[in-house]
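Descriptive structure summary
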Amino acid sequence: MKNIKISIIALCILFTACKKDFLDRQPLAQISPDAFFRTESDLKLYTNSFYTVIPSAEGIYNEAVDNVVKSDLGELITGNRTVPISGGGWTWTELRKINYFLENYDNIMPAEAGKKYAAVARFFRAYFYFDKVSRFGDVPWYSKTIAFEDEEALSKARTPRAQVMDSVLADLDFAIANADEGKNVERVTKWTALALKSRICLFEGTFRKYHSEFSLPDADRFLREAVSASDQLMTTGPYSIYKSTPEKSYFDLFASKAAIDQEVILTRRFSNGLQVWHNLNYYTITASYGRPGLNKSLVNTYLMKDGSRFTDKPEFNKIQFYEEVQNRDPRLAQTIRTPGYTRIGNTKILVPEFNASTTGYQVIKYVTSEANDSFNKSDNDMPIFRMAEVLLNFAEAKAELGEATQPDIDKSVKLLRDRVAMPNLNIVAANANPDAYLAAQYRNVNGGNKGLILEVRRERRIELVMESLRWNDLMRWKEGHLNAEPYKGMYFPGLGKYDLDKNGTTDVEIYTGNKPTGPGVQFLKLGSEIILENNTSGGNVLVNPGTPKTFREDRDYLFPIPIQELQLNGNLVQNPNWEGKN
Amino acid sequence: MQLKITLFLKRFSRRLLLLLLGLSITSLGLAQVNTGGKVTGSINDEKGLPLVGVSVMAVNESTQLKKTTSSDSKGLFTFTDLPAGKGYSFIISYVGFRTQNLKNYEIKAGEQISLIVRMLEDQSDLNEVVVVGYGTQKKVNLTGAVATVNTKTLEDRPIANITQGLQGAVPNLNISFGDGRPGSDGKINVRGFTSINSGGSGGSPLVLVDGVPGSINNLNPKDVASISVLKDASSAAIYGARAAFGVVLVTTKNGKKGRTTISYSNNFGFTAPTTSTDFMTDAYDAAKMNDEAFIRAVGNSYTGYTDEDYAYLLRRRTDKSLPDYIIDNRKGKDQYVYYGDTDWWHTIFRDRQTSMDHTLSVSGGSENTDFLFSGRMYQKNGMMQINQDKYKSYNLRAKVNTKVNKWLTVGNNLQFNASNYDYPGWGVNANFVSVSVHALPSYLPMNPDGTATYRTELNNYTIGDGLFADLLHGKSKGNEKEYEFINLFNVNAHLAEGLELKGNYTYTFKPSSNWARRAQAPWSIYPGVISQFGFDQYYETNYTRQSHVVNIFGDYTKTLGKHTFKALLGYNQELNTYKRVFAQRNDLISQDLNDLDLGSGDVLANGNANEYALLGGFFRVNYDYEGRYLLEINGRYDGTSKFPPGSRFGFFPSISAGWRISQEKFFPLKGIVDELKFRGSYGSLGNQQEAAEYGYIPLLSRGTIDYITDGKKTEYLSSPTPISPNLTWERATSANFGVDAGFLDNRLTATFDYYVRNTFDMLTAGKTVSSVFGAASPKQNAADLQSKGWELALNWTQNGSLAGKPFNWNVGFGISDYTAEITRFDNPNNLLSNYYVGQQIGEIWGYRVGGFFQTDAEAQAYKVNQDYVNQQRLKAPGNWAKLSAGDIKFLDINGDGVVNNGKNTLTDHGDMEVIGNSLPRYSYGINAGFNWGNFDLSVMFQGIGKQQWYPGNNADKFWGPFSRPYYSFVDKDFLSDVWTPQNPNAYFPKLRGYEALNDRGELNVKNDKYLQDLAYIRLKNLTIGFSMPETLLKKIKLSKVRVYLSGENLFTFTKLRSNYIDPEQAAGDYNNSTADPNARVYPFSKLYSFGLDVSF
């Protein structure tokens, strides 16, 4: 019997040793919300998560639209757009993060202490909704996180655009009033909020003005808000236009390893040490990243150095490359390879390469030294907001309101012209003789200020190329048709040898039949490696002439809502003339 | 809930107490003293070797006397005092041998009888004892679906781990490998895809080693005594919520009483690839093809070779005396221009690699103690040419059981397993991806001055991503280590006749670590100028896993006349902890030393930790009437920490019954059918294994973004992942119907099982929710799945003689199949982007293709708009963007004039149809063994009857330049497969790069023309052995000497249309969804080996 007794005793000990809470296991390495939002650094840590929406470097430099032409035109450019099943920009994860913060940040901390972080959150909410509204027009407004069971919220119809944008304005004003006032190029501050407000309000004001089909009110109110936000930043903000020598300052601003925070308000930093790189150098010099080249229509708009118009020259479209780029706005030679171009830290003179540039206007904006030439090895900072844009926003809003005075231009556009030693923009002269070339592009500009508005748009396109603002510009100006224009490149009178930099050696040879030979020459077979408007009779380089491009005025100013979302929420209505709603 | 547990435990312990008390009354007293006769005997096996520990029972029917003893180390046994009388019989039984019943002996007082017993090995497996949950069961009495692996077939296989030997061994025990790296672990699955929530792996079974969760891949294969696979709910229900995906029970060997045996065995092997490695190495063809594919997609040449360069390549094709490079001024600089004909595959990888295996074991025992000590060393060299990768593993086991007294046995089973893998380059599988691009045959691996090549400067690409240059430099490398220390202490109390109480406690300590180093590597393109590429970084990750497992269970067996009862009651609890530490430093001050302390640059560190606990009580009752009617009831009440209080516990019962109709008096087929049993079972199982440790607690997510603030990557916390508050067990019910039959003196046995399994409340992302929700749909118990399948095993065993020597052979065939279908899923619009009700798991949606347009006119006249699936063509430059001859013609199935996927729903799926299914069907294994005299031969085939695969967009060895134009390893005869006007019936369309790579290219969209069938049959193993004759052995005083030749994966037949991809590799992990669909991983290999087994 002893064995049984021992066993029973052993069993009893064992069972009593089993604690009741054996199955109660709490997380060891993760934190639950009720243990958070306790200190200011908690709030800061949380608001850090919002910075994921700041565009990647590619989201900045990899602009296409009608500015930069690539070998692959993409659905957006060709107008060959379809309604996506899902995705398509209709993502809302960021909003959930933001709203969650706004609901919880003052659970423990006094609201006052958390205000500057709430300001950051509301900045990003404005940023979020601006993106949604600019893509889709009316979108449902949510100021709270949605519970999974909340069918009412999940099946909410769109909120009218006017209402959404007023809420965006409220968010921006809160952010401006409460965000940090210190200058910080990496973080959202009062100044960043002003810059965003300037951008958003100009967008909304001009959109409402030019898109009468949507019957939106208050265009002027938004333009005035754009003026006041820009003005506040210009007069009270700690920023100015970076200047060194006219031939370098524009280029240096973008090639600088560290953002020049004299002008740059918010930047996305890159770092070799942290192994955070982008692909800009490789993108501009390799064959398989689309071979970006500036569009001829943009190159044409750079003024002559004396302020006169290149497009006023007789037969300006038949001027060959070398002549074309002489005596132009110095920003041209700081945006593309022109004769005499050398890489940073190298004296070897380089010419444009067609195997890296579809149009021959090979871009150099942001390009750094050869050390960064490998795939994804560039480490210069990318500007997200810079003062030049704010000045242009100011000038444009004023011009659109019809309230621009020469002093307004002097404190905005002139500063950008001064940087590159270009003559100032004169309102009277501009309005007296609106540029016909620009007027043909921007068909919807009318009225007494037409000349000024066109000139401001010229300035904006040149100054802000490759900063990914162009798509929204065309949308708000209702000039989407510019996307559907044929994209062109350099002019060549026909077959033959060309010395692009007039240094006495052949750089490019366009041929048919057998490939010629010779050192250091780019041989381009007509019809396949290079296509000219009039074939052997020459003309401008054409990119993908066989690809039809369209822009539907009745449809393409807004993006379609994905089919799946319409199926999941019966109250969502598709944007006009996009299929997919049954 | 807490109260419930306590109550349960109280009830449980009270019951056990009563049980124990009640039973003690019936326990027998000591044997009476009497004068009688003596019986002695010796027991030997067929070869005349003594058998130790054989149970001998003396029975006298008339006096109801029963006495048992067992044979000693010399195989002798004695009954000293049997009462005189007639009618004695002696029943001699031993596992693995036929039970003998010697009848009608008479014992006379004072006299002695001597018996000589020669035990015959039991050739039929019906009498075999099978390990089941918390016990054993005679195979004849099984009522559930339990299969066993014949571990003998594993013994001489030159395998790194057990899973490599289990493929094809048991029907519906599915083993798959993601890659063929040395020591590669197999993924185990029982009865196919049974849950959608496990990352598509379909669920992996509970693997218990000696009753405790363990890792089957870490074991020494020679330590394994038996492997049982519990397939249905009734056999697995005793493991309740742990067993939803089946259970694999591995039992290790024990020492045997008797003379100490020392065994040593070894194996030496070398491997070869299972696929062709004879890639295109013609420099001219490869460069031309590449440029052509590139120009047609992008508009300009890839290589940058001029016409003179091409002319040189063409000349050098026939005149190898021409130098394979020139130094030429290009773009104003003197540089190397390469005209090689490099075989990059064999520059970087080896075809032949060696392996070896040494195993030593010492086992034995005395009357009260048995022991086994074993050790193993396995080493396999890998296929990297420079700084060859090397896998090593070590196993140690020390197992001792001792009988403390009459009723108490204690034992300890300690094992230590270690493995180490060193590899060069950028990652075990990453090496195979990097080099698959940009290494053209015309490029040289090294410059004439011995420096590495990296870029040609004729374009901006990097040869093989620079892998070879890096390997040549030899500083980038990595290591993976795994240790496992497991100690199992067990107590076995024999409380009374038929009543046993067992307990064990196991502690597992399992640290593992890996580190990797990237270093900068030098290269050159301008003669005399050396540059560096890459970056310098070192990281190390350490994982620590621990577990504590306690099992206490008692069983009781009682026979009352024709009724036999068995009961089992037990308790189990487990605690598992996990911790991870990761640290990374940049810019080390040494190129050769690898340690965090050497870092001079940026620091990154992070970690993680979690734990979970399980506890449960279980029972089993068996009843059998005369061995004819069998009934078993199982149940388990299980709790887990992974669910919220209130839904932590689940009860998982099962019932099964068997009818051995062959035991009935009326059974008409006696003599032909020796054994016929019908089995049926129904039961339910739970699943918590896929649930997150803290899945019911909202937790803030944490991360780091590449957005830099204050000189660092930015750390953040963000909103909690939405959770569903009432998560609970996933529950599976399964009904199983089986037949076991034995024919012709049980020489032919057959087992067939059919099952229907319903998985309810699968814990998965719930319904597709509007994007405005802003997060992934929280995990819920939201879906049901039904799988149906069957398995059949046939075995033929024959003993005879041939040419005067014993000739035994056996052939086995196993086959299984299943299908699975979604029966509940919240997807009201039946979006094809999510699961939907009625969906067959594995179904492949795709388009139908009507061949190629043979003329431009035909293409232009085609009324159907197929732009949607021709995105790559539309991006092409100039005329290449036009639909023309050689392009694929897509069929407009729904007749709307446009080829597309409609709304991607079940009601509107455009022109897509289900064109195939990626689940493996008709998995089979065939094994056969022959013994003739001293020779033995075994063969094993394994294969799959049908499994469809659409090659991934980066499947370089399938698509060649149709994916990336610049792939390094292209089929030698690829060009003959490409459409040209002269080759109108080619397999592939007109050459154009990126068609397979980029979204909605004509080869990127799945279509029926390029859908592959991975069906294969593979000679998994062939072993020929020779054992030294006994007469010779006696002279050299050894008990066994055997030499053998053994080969793995010796040949393969497959329907897959590529000699360069192994079908198993393409199938990848179990159901293909977690595998690399591009088969760009460490390749599989075949292995030839020889070995030696010695025992003394």
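Here the structure is a predicted model, which is why all the values come from computation and not from measurement.

The rules we used
Residues numbered from 1 in each chain as written. Chains lettered and ligands numbered in written order. Predicted model: local features only at pLDDT ≥ 70, side-chain atom pairs only at ≥ 80, totals over all residues. Heavy atoms only, no water. Helix = DSSP H or I, 4+ residues; strand = E, 2+ residues; numbered from the N terminus. Expected span 1.5 Å × (residues − 1). Buried < 20%, exposed > 50% of the residue type's maximum accessible area, 1.4 Å probe, protein only. Contact = heavy atoms within 4.5 Å. Polar contact = N/O pair within 3.5 Å; in protein donor to acceptor, adjacent residues only side chain to side chain. Salt bridge = Lys/Arg side-chain N within 4 Å of Asp/Glu carboxyl O. UniProt positions renumbered as here; feature names shortened; annotations may be inferred. Pairing = 2+ DSSP bridges. Buried area = accessible area lost by both parts, 1.4 Å probe.

To continue, consider helix α5 (residues 283-298) of chain B. Note that an α-helix has 3.6 residues per turn; residues three or four places apart therefore point the same way. All names here are of chain B. Counted at 1.5 Å a residue, the expected span for α5 with its 16 residues is 22 Å, and the 22 Å between its end C-alpha atoms agrees. Looking only at α5, the buried set comprises Ala283, Tyr284, Ala286, Ala287, Met289, Asn290, Asp291, Ala293, Phe294, Arg296, Ala297 and Val298. Lining the buried residues of α5 we find α6 (307-318), α11 (871-875) and β48 (988-990). Its side-chain oxygen placed 3.1 Å from the backbone nitrogen of Tyr284, Asp282 serves as the N-cap of α5. Of the residues flanking the end of α5, it is Gly299, one or two places downstream, whose phi is positive at about 115°.

Another aspect to go through is the pattern of salt bridges. Within this structure, the stated rule accounts for 111 salt bridges over all chains. Across the pair Lys488 of chain A and Glu533 of chain A runs a salt bridge whose closest N-O atoms are separated by 2.9 Å. With a gap of 45 residues between them, Lys488 of chain A in strand β5 (residues 488-492) and Glu533 of chain A in the loop between β8 (522-525) and β9 (539-542) connect regions that are remote in the sequence. A salt bridge links Arg1018 of chain B to Glu1064 of chain B; its shortest N-O distance comes to 2.8 Å. With Arg1018 of chain B in strand β50 (residues 1016-1027) and Glu1064 of chain B in helix α14 (residues 1063-1067), this residue pair connects regions lying 46 residues apart in the sequence.

Moving on, we come to the UniProt feature "domain: RagB/SusD" (unreviewed entry) in chain A. Mapped onto the present numbering, the UniProt feature "domain: RagB/SusD" (unreviewed entry) falls at residues 289-578 of chain A. In residues 289-578 of chain A, helix accounts for 28% and strand for 9%; the two terminal C-alpha atoms are 31 Å from one another.

Residues and elements named next belong to chain A. Extensive coverage of strand β2 (residues 264-268) is indicated by the burial of five of its five residues. Where β2 and strand β4 (residues 382-386) come together, four bridges link them in antiparallel fashion. Pairing of Thr267 across the sheet is with Pro383, part of β4.

The next point concerns the interface of chain A and chain B. On the chain B side, the residues contacting the 90 residues of chain A number 103 residues. Between chain A and chain B, a total of about 8500 Å² is buried, with carbon and sulfur atoms accounting for 62% of that surface. For the chain A face of the interface with chain B, the top three residues by lost area are Leu23, Arg25 and Phe148 of chain A, together amounting to 10%. Counting every contact that joins chain A to chain B gives three salt bridges. Secondary-structure elements contributing two or more residues to the side of chain A that touches chain B are α1 (2-17), α2 (40-48), α5 (93-104), α7 (151-154), β2, α12 (280-285) and α23 (563-568) of chain A. At eight residues, the largest contribution of residues to the side of chain A that touches chain B is made by α1 of chain A.

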